[in-house]
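What follows is each chain in one-letter form.
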Amino acid sequence: MPTLVLCVDRADDIGRTVGVSMPVDGWDAVGSLVTEVGLADPEDSTVNCLLEALRVTRDLRSEEEEAIVAVVSGAGDSAVAADRSVAAQIDDLLERYDPESAIIVTDSADDERLIPIVESRLPVDSVDRVVVRQARDIESTYYLLKQFLADEELRSTVLVPLGIGLLLLPVLLVRFSLPVALAGLASLLGAAILYKGLAIDTHLARLPDRIQDALYSGQVSVVTYAVAGGLALVGAFLGALAVSPTTEGILVPVMQFSYSSIPWLALAALTASAGRLLDELIDSDRIPRPYLNLPFGVVALGLVVRGFAGYFLEREGVLANLRLVGVTVPATERLALFVVTAIVVSLVGVRVAANVADHPDEETDADPDAAERS
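Not measured: the values here are computed from a predicted model.

The next point concerns the overall build of the protein chain. In terms of helices and strands, the protein chain carries 14 helices and seven strands. Within the protein chain, the fraction of its 374 residues that count as buried is 33%. For the protein chain, the proportion of contacts with a sequence separation of at least 24, taken over those separated by at least 6, is 63%. Accessible area of the protein chain: about 22700 Å², with a carbon and sulfur share of 61%.

This is the structure we're talking about:
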């Protein structure tokens, strides 16, 4: 059974150039076709595709393998009509030669769309794409741009933010100086890239369904998350109020914000974790160890952050020294007190989580025959 060396032309460049009927098969017929196409349009890459099909056929025959060279070309007013025309021509070749397999020769990415049509009718051993050396980079760039513009997700991710930025740039230049306008534009593009890169749009799209499921299932965390959000806003508001507008630099305002907001932020985290703990307890009658560690970790982290923030503020004279039982505690001892307390709280959390989490395991690992023997 022969091997069919098939040169495919989806855009019907051959038919429009020389006006021959398809398919064209046989060494002599394809050789004459190369001459006709080359004389009609020497710059057409189809000439190279036909010559490559002849070369592959010659190499197969030199290895004492039976090979038939043929050319099919799409004809019609639409892509569907062209593909059906190629399918009919392939069926004609299969009926005449009954080949065992095919080797497809193409000269463009568009022609490679015909490969599934060939594969649906006989096995394809190889696909040989011919690219003219002088035009390799140009053609590759062209098809990469074509595929990029055809991808809707890539267009919305890259072109839409870029277009919005270019539209806003003249407005920013009119109102602000060039550095400020460029900084604003860079911030906008960076926010758009992070929005897509972190899949924030996906999380926002799923958020209504998750909230609806949580409400229907009666989860306590829905209420606690709402309360935690309110407490976090209160903490941010109080932290912003604590920042002195006359303070120079960055470190001191940051420490002022952290010192005033961290108790409320920690309380918000505790409220959210409490709701999650209750949900786990209701669903499975046991609480996993990570959820037990979370409240203690939040308290310990809050103590550490507040301790360091208070230390810096005391060193700058913004915050008065701590007094315990009428005794003034210096800044260094104050920091040590907060750090030691945080470590103790975290160790207590580890111990409590270990005891609670190990309790169900002990019951599971217990001898099942103990009750019967008692």
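That shown, we press on.
A contiguous nonpolar patch, built from V234, F237, L238, L241, W264 and L267 and spanning about 530 Å² of accessible area, is present on the exposed surface. Listing elements by their share of the nonpolar patch, those giving two or more residues are α10 (221–242) and α11 (251–284). In terms of residues, the nonpolar patch owes the most to one element, α10, which gives four residues.

The sites that UniProt annotates as "transmembrane region" (unreviewed entry) are residues 154–174, 180–199, 220–242, 262–279, 291–313 and 335–354. Spanning residues 180–199, this segment combines 90% helix with 0% strand, and its end C-alpha atoms are found 28 Å apart. What you have in residues 335–354 is 100% helix and 0% strand, and the ends, taken at the C-alpha atoms, are 29 Å apart.

Topologically, R334 is positioned in helix α13 (residues 331–365). Of note is the side chain of R334, whose polar atom sits 2.7 Å from the side chain of Y259. Engagement of the side chain of R334 in a polar contact is seen with the side chain of E314, the distance being 3.0 Å.

A word on the packing of aromatic side chains. The final tally for this structure, using the stated rule, is one aromatic pair. Judged by centre distance (5.7 Å) and plane angle (70 degrees), the ring pair of Y311 and F312 falls under edge-to-face.

What follows is about the nonpolar core. Ranked by internal contacts, the top residues of the largest apolar core, which has 22 residues, are I14, L33, L50 and V71. Mapped by element, the contributors of at least two residues to this core are β1 (3–9), α2 (27–40), α3 (46–62), β3 (67–73) and β4 (101–106). Of all the elements, α3 adds the most residues to this core, at seven residues. Beyond its immediate stretch of four places on either side in the chain, L33 contacts I14, V18, V20, V24, L50 and V71. Ranked by size, the runner-up nonpolar core spans 18 residues in total, among them L4, I90, L94 and I104.

So, on to the sheet that holds β1. Strands sit in the order β2-β3-β1-β4-β5 across an open sheet of five strands; the sheet is mixed. Both outer strands of the open sheet, β2 (24–25) and β5 (124–129), are each paired with one neighbouring strand and no more. As paired strands, β2 and β3 are joined by two bridges and run antiparallel to one another. When the bridges of β3 are listed, V24 appears paired with V71.

The buried fraction of β1 is high, at seven of seven residues. Side chains T3, V5, C7 and D9 of β1 all project onto a buried face; the interleaved residues L4, L6 and V8 project onto the opposite face, where all are buried too. Pairing of β1 with β3, which is carried by seven bridges, proceeds in the parallel orientation. Considered in β3, the bridge of L6 is made with A70. Note that β1 and β4 share five bridges and pair parallel.

Turning our attention to a negative patch on the surface. Negative charge collects at one region of the surface, where E63, E65, E100 and D125 lie side by side. Of note, E65 is situated in the loop between α3 and β3. A relative accessible area of 32% places E65 in the partly exposed class.

A few words on α10. Taking 1.5 Å per residue as the helical rise, α10 with its 22 residues ought to reach 32 Å, and the 31 Å between its terminal C-alpha atoms agrees with that figure. Of all the residues in α10, the buried ones are S221, T224, A228, L231, G235 and G239. Down the axis of α10, the buried side of the element spans an arc of 85 degrees, and every buried residue falls inside it. Residues of α10 that are exposed and point more than 90 degrees away from the buried face comprise V223, A226, L233, F237 and L241.

Relative to the 20 Å expected for 14 residues at 1.5 Å per residue, α2 spans 20 Å between its end C-alpha atoms, a close match to the ideal helical length. Buried within α2 are the following residues: V30, L33, V34, V37 and G38. Seen along its axis, α2 keeps its buried residues to an arc of 125 degrees; they face one direction. In α2, the exposed positions that point more than 90 degrees away from the buried face belong to D28 and L39. Buried residues in α2 make contact with α1 (13–18), β2, α3 and β3.

With an omega dihedral of 0 degrees, the bond running from M22 to P23 counts as a cis peptide bond. Positioned with a positive phi, D12 is a non-glycine residue whose angle comes to about 60 degrees. With respect to the secondary-structure elements, D12 resides in the loop between β1 and α1. The phi dihedral of E64 falls on the positive side, at around 60 degrees, and the residue is not glycine. Within the secondary structure, E64 is located in the loop between α3 and β3.

Conventions used here
- Residues numbered from 1 in each chain as written.
- Predicted model: local features only at pLDDT ≥ 70, side-chain atom pairs only at ≥ 80, totals over all residues.
- Heavy atoms only, no water.
- Helix = DSSP H or I, 4+ residues; strand = E, 2+ residues; numbered from the N terminus.
- Buried < 20%, exposed > 50% of the residue type's maximum accessible area, 1.4 Å probe, protein only.
- Contact = heavy atoms within 4.5 Å.
- Areas by Shrake-Rupley, 256 points an atom, 1.4 Å probe, with all protein chains shown as cover.
- Patch = residues over 30% accessible without salt bridge, like charges linked within 9 Å, V, L, I, M, F, W, Y side chains within 5 Å.
- Salt bridge = Lys/Arg side-chain N within 4 Å of Asp/Glu carboxyl O.
- UniProt positions renumbered as here; feature names shortened; annotations may be inferred.
- Polar contact = N/O pair within 3.5 Å; in protein donor to acceptor, adjacent residues only side chain to side chain.
- Phe/Tyr/Trp six-rings, centres within 6.5 Å; stacked < 30°, edge-to-face > 60°.
- Core = buried A, V, L, I, M, F, W, Y, C linked by side-chain atoms within 4.5 Å.
- Pairing = 2+ DSSP bridges.
- Lys, Arg positive; Asp, Glu negative; His and termini not counted.
- Charge placed at Lys NZ, Arg CZ, Asp CG, Glu CD.
- Expected span 1.5 Å × (residues − 1).
- Arc of directions from axis to C-beta.

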